[in-house]
Amino acid sequence: MQRKGITNLPLHTDHTPRWLWERMVKLSGALTEVILDEYGHDEFLRRISNPYWFQAFSCVIGFDWHSSGTTTTTCGALRASLDPEKHGIAVLGGKGKNSLKTPYQLENMGDTFNLSNKLTDNLIKSSKLSAKIDNACIQDSYSLYQHNFFLTESGKWAVVQQGMNTNNKYARRYHWISTDLDEFFNDPHTGIDCEKKEDSVLNMSSKESKEVRSISVDLINDNPEHLRTYFRKDKKQTLLTDFFDWDNDDDPTGFNNQPHFTMPRHHPVLDMDLSDKEFEVLKNAYEIQPEKYQDLISLKGMGPKKIRALALISDLVYGKKASWEDPVKYSFAHGGKDGFPYPVDKEVYDHSIETIEDALNQSKLDKKDKLGAIKRLNKHIDKKK
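Residues numbered from 1 in each chain as written. Predicted model: local features only at pLDDT ≥ 70, side-chain atom pairs only at ≥ 80, totals over all residues. Heavy atoms only, no water.

Trainee: Could you give an account of the overall build of the protein chain, with specific residues and numbers?
Mentor: Along its length, the protein chain carries 13 helices and nine strands. For the protein chain, buried positions account for 48% of its 385 residues. (Helix = DSSP H or I, 4+ residues; strand = E, 2+ residues; numbered from the N terminus. Buried < 20%, exposed > 50% of the residue type's maximum accessible area, 1.4 Å probe, protein only.)

Below you can see the structure in the form of structure tokens.
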């Protein structure tokens, strides 16, 4: 399995003008047809799951290079231009409420592509699990608000989904490519780009979190009721002065006029609280006795807070730490001419441009639209020279 990476983008709220949207649909469809004809469905999925290629594709069809709208508009253009019966590929889901329609759409496409019931069920699990991991297992403060599922007639898939951080006004895009479900948790990132790296991000999909995932399942299957003692029962921040005792007796030495520390026999260890209602979710999970971590996090109500609680207890009780490293690396596609963060790989760079340029030259477009697309591409070619 390869999960190709993450992209951070500033939020833009303006709508794409109609005249541009119609051309985007036309150009994206023509480009995709060329890729499908020349390289096949698997190559298209590989490219759409690569954050750098996806960004370049968005630029070529006429979008701002850095806007959050590249995800919504590019996926929307592909959804409008691709006919499952003609092209053998479907774009499902979408933004907001449309993202919740993905399971039902997968059931319908299973019939259209004549996929087995077992494969269709696995596709639905893949859709839900990829969303749960990016929304709850990687706690980077970005909440998913769109989920785009690319499905081929052979049952292979890719996911392009996006989360929003309302504090810093950025969106983060996540890319997946089809995988066996057992490999969802094996440090899946291979190319991640972002302007800002967070100081502390719980990443339960990391290879470093493998033991913590196993312990989390064991903690649930061993009855979570005894975990209550690890959590804070009040909302007040405990201060060191809470444990001061002042004696005001006359004392010529002044000893009793100094603060004394009297530490409690027991106190909550973790600075977080799980309500009775939230504990019910853990108790329900205990009744089910999940075998794998993916079974545990797939249960209804198993959100970020409970996943985080189990990870903290694993560290506290067993000394097994989860990964707290933000999976984001850097924001460059091909490197920098000054060698920062690494020198440009000209062969990779040239391949990216030649692939798109070749597709443009062969695409079924009117001459005017084709020249406009090539002109935009030539700006990037001139810069690299």
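What follows picks up the thread again.
Trainee: For the packing of aromatic side chains, give the residues involved together with the corresponding values.
Mentor: A full pass over the atoms with the stated rule returns six aromatic pairs. Measuring from centroid to centroid gives 5.4 Å for phenylalanine 149 and tryptophan 157, while their planes differ by 25°, and the two rings are stacked. Of the two residues examined, phenylalanine 149 and tryptophan 157, each falls in the buried class. Here the aromatic rings of tryptophan 176 and phenylalanine 184 are separated by 5.1 Å at their centres, their planes lie at 45°, and the arrangement is tilted. For phenylalanine 184, a relative accessible area of 0% puts it in the buried group. Taken together, Phe149, Trp157, Trp176 and Phe184 form an aromatic cluster joined through their ring pairs. Between arginine 228 and the ring centre of phenylalanine 279, over which it is positioned, the NZ or CZ distance is 4.3 Å. (Phe/Tyr/Trp six-rings, centres within 6.5 Å; stacked < 30°, edge-to-face > 60°. Lys NZ or Arg CZ within 6 Å of the ring centre and 35° of its normal.)

Trainee: Can you break down the packing of helix α8 (residues 210–221) against helix α11 (residues 304–318) residue by residue, with the values?
Mentor: Two numbers describe how α8 lies on α11: the axes approach to 9 Å, and their chain directions differ by 95°. Judged by the angle between their axes, α8 and α11 are roughly perpendicular. Of the residues in α11, those touching α8 at Val212, Ile215, Ser216, Leu219 and Ile220 are Leu310, Ala311, Ile313, Ser314 and Tyr318. Considered class by class, the residues forming the contact of α8 with α11 number eight nonpolar, two polar and no charged. (Axes fitted to C-alpha atoms, helices over the stretch in contact; angles between N-to-C directions. Parallel < 35°, antiparallel > 145°, perpendicular 65-115°, else oblique. Contact = heavy atoms within 4.5 Å. Nonpolar A, V, L, I, M, F, W, Y, C, P; charged D, E, K, R; others polar.)

Trainee: Give me the lowdown on helix α4 (residues 69–81), citing residues and values where you can.
Mentor: The terminal C-alpha atoms of α4, which comprises 13 residues, lie 18 Å apart, in line with the 18 Å expected from a rise of 1.5 Å per residue. Of all 13 residues in α4, ten are buried; the element is thus mostly enclosed. Inspection of α4 places Gly69, Thr70, Thr71, Thr73, Thr74, Cys75, Gly76, Ala77, Leu78 and Ser81 among the buried residues, and these make up the whole buried set. (Expected span 1.5 Å × (residues − 1).)

Trainee: Before we move on, could you go through the packing of helix α6 (residues 102–112) against helix α7 (residues 117–137) and cite the residues and values that matter?
Mentor: The interhelical angle for the contact between α6 and α7, taken along N-to-C directions, is 155°, at an axis separation of 9 Å. Here α7 runs roughly antiparallel to α6, going by the angle between their axes. Seen from above, α6 lies across α7 with right-handed handedness. For the pair α6 and α7, the contacting residues are Thr102, Pro103, Leu106, Glu107 and Gly110 in the first and Thr120, Leu123, Ile124, Ser127 and Lys128 in the second. (Left-handed = near helix turned anticlockwise from the far one by under 90°.)

Trainee: Describe in detail the confidence of the model for the protein chain, supporting the description with residues and values.
Mentor: For the protein chain, the mean per-residue pLDDT works out to 78, and 66% of the residues sit at or above 70. In the model of the protein chain, strand β8 (residues 244–245) stands out as the element of lowest mean pLDDT, 55, in contrast to α6, which has the highest, 97. (pLDDT = per-residue confidence, 0-100.)

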